[in-house]
Amino acid sequence: MTSYTPLFDPAKDGPVYFRDLAHARERARATLAEKGRANLHDRDEMIRAAYGLAHVLAGLLDALDEEAGQ
């Protein structure tokens, strides 16, 4: 079995808080635009892109859950 560190562990990292859904969407779009320019052949850039996208996706889902009252 190989040991690894996950990009994002909700049990350990907890929810990602944005001010509101509009801010979460804004951050998700900005991060997608930024990380979409990463060099696919650069391992470090891909790791940073994956972490950044996982973080804002978690925040966007948390904001959607909050808005839905969940």
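Residues numbered from 1 in each chain as written. Predicted model: local features only at pLDDT ≥ 70, side-chain atom pairs only at ≥ 80, totals over all residues. Heavy atoms only, no water.

Here we take up the nonpolar core. Core analysis: the biggest nonpolar cluster contains nine residues, these being Val-16, Phe-18, Leu-21, Ala-24, Ala-28, Val-56, Ala-58, Leu-60 and Ala-63. Among the elements of the structure, helix 2 (21-35) and helix 3 (43-68) are those that each provide at least two residues to this core. When residues of this core are assigned to their parent elements, the largest contribution, four residues, is made by helix 3. Those residues in contact with Ala-28, other than ones at most four positions away along the chain, are Val-56 and Leu-60. (Core = buried A, V, L, I, M, F, W, Y, C linked by side-chain atoms within 4.5 Å. Buried < 20%, exposed > 50% of the residue type's maximum accessible area, 1.4 Å probe, protein only. Helix = DSSP H or I, 4+ residues; strand = E, 2+ residues; numbered from the N terminus. Contact = heavy atoms within 4.5 Å.)

The next point concerns a nonpolar patch on the surface. Together, Leu-57, Leu-61 and Leu-64 line one region of the surface with nonpolar side chains, adding up to about 270 Å² of accessible area. Its place among the elements puts Leu-61 in helix 3. Judged by relative accessible area, Leu-61 falls into the partly exposed class, the value being 45%. (Patch = residues over 30% accessible without salt bridge, like charges linked within 9 Å, V, L, I, M, F, W, Y side chains within 5 Å. Areas by Shrake-Rupley, 256 points an atom, 1.4 Å probe, with all protein chains shown as cover. Salt bridge = Lys/Arg side-chain N within 4 Å of Asp/Glu carboxyl O.)

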